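Each chain, letter by letter, is given below.
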Amino acid sequence: MSLAPEAFLARELEICYFPLGYITNWAEGVKKSDFKPNELFGGTCPDEFRKEVDSGPNRLLNHILPLFLALPKNRSCPCSKSLERYRKMKILPNDFRLWPKVRRENKNEQVFNLFLG
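The written sequence of each chain sets the order in which its residues are numbered from 1. Only residues with pLDDT of at least 70 get local features here, since the model is predicted, and only at 80 or more are side-chain atom pairs given and counted; chain-wide, interface and lining totals rely on the full set of residues. Only hydrogens and water are set aside when side-chain values are computed; all heavy atoms of the structure are taken into account.

Asks: Tell me about the confidence of the model for the protein chain, residues and numbers included.
Replies: Values of pLDDT, which run from 0 to 100, indicate the predictor's confidence residue by residue. The predicted model of the protein chain averages 75 in pLDDT, with 72% of residues at 70 or higher. In the model of the protein chain, helix H5 (residues 109–116) stands out as the element of lowest mean pLDDT, 53, in contrast to helix H3 (residues 84–88), which has the highest, 88. In DSSP terms, a helix is any run of H or I states spanning at least four residues, a strand is any run of E spanning at least two, and both are numbered starting from the N terminus.

Asks: Explain the layout of surface pockets to me, using residue names and the numbers behind them.
Replies: Lining residues are those with an atom within 4 Å of a point, where the points come from a 1 Å grid over the protein atoms alone and group into cavities, where a 1.4 Å probe fits but cannot get out, or pockets, open sets with protein on both sides within 12 Å along at least five of seven lines. Grid points are joined across faces, edges and corners, and a volume is the space filled by probe spheres set on the points. Looking at the second largest pocket, its volume works out to about 410 Å³. Lining of the second largest pocket is provided by Cys16, Tyr17, Phe18, Leu20, Ile64, Leu67, Phe68, Leu71, Pro72, Arg75, Ser76 and Cys77. Nonpolar residues are Ala, Val, Leu, Ile, Met, Phe, Trp, Tyr, Cys and Pro. Charged residues are Asp, Glu, Lys and Arg, and all others, Gly as well, are polar. When the residues that make up the lining of the second largest pocket are grouped by side-chain class, the tally is 10 nonpolar, 1 polar and 1 charged.

Asks: Quick one: what's the story with a nonpolar patch on the surface, residue by residue and with numbers?
Replies: Grouping into patches uses exposed residues only, defined as over 30% relative accessible area, and leaves out salt-bridged ones; the cut-off is 9 Å for like charges and 5 Å for nonpolar side chains (Val, Leu, Ile, Met, Phe, Trp, Tyr). Values of accessible area rely on a 1.4 Å probe in the Shrake-Rupley scheme; residue burial ignores everything except the protein chains shown. Note on definitions: salt bridges are taken to be side-chain nitrogens of Lys or Arg within 4 Å of carboxyl oxygens of Asp or Glu. Residues Leu61, Leu65, Phe68, Leu69 and Leu71 make up a contiguous nonpolar surface patch of roughly 550 Å² in combined accessible area. Checked against the element boundaries, Leu69 lands in helix H2 (residues 47–69). Partly exposed describes any residue whose relative accessible area lies between the buried limit of under 20% and the exposed limit of over 50%, with all areas from a 1.4 Å probe on protein chains only and scaled to the type maximum. A relative accessible area of 68% means that Leu69 is categorised as exposed.

What follows is the structure in structure tokens.
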């Protein structure tokens, strides 16, 4: 339901990130219906559509999986080096697990906050 926090985290960890979403209930609120707890979409999904809705994730996976398998093993994208300039300036160490310690000790906190908040 959100993409921004994940995108920032992926950048900080130099992970390639491509958000993918699909609509599961595009008619929410269009038709008045009674809410049924513990049922798909609170019971608002008509039975004739339930089978199609249930098969959605598998159909999506069938389209996406070949794309993941085709990704190159060695990345040449900018994702893998998104924080390289900060490592070169000695603001960040190479090991991201040390970043919290560096942040506490960093004398130039304002520069550090520019990219890690």
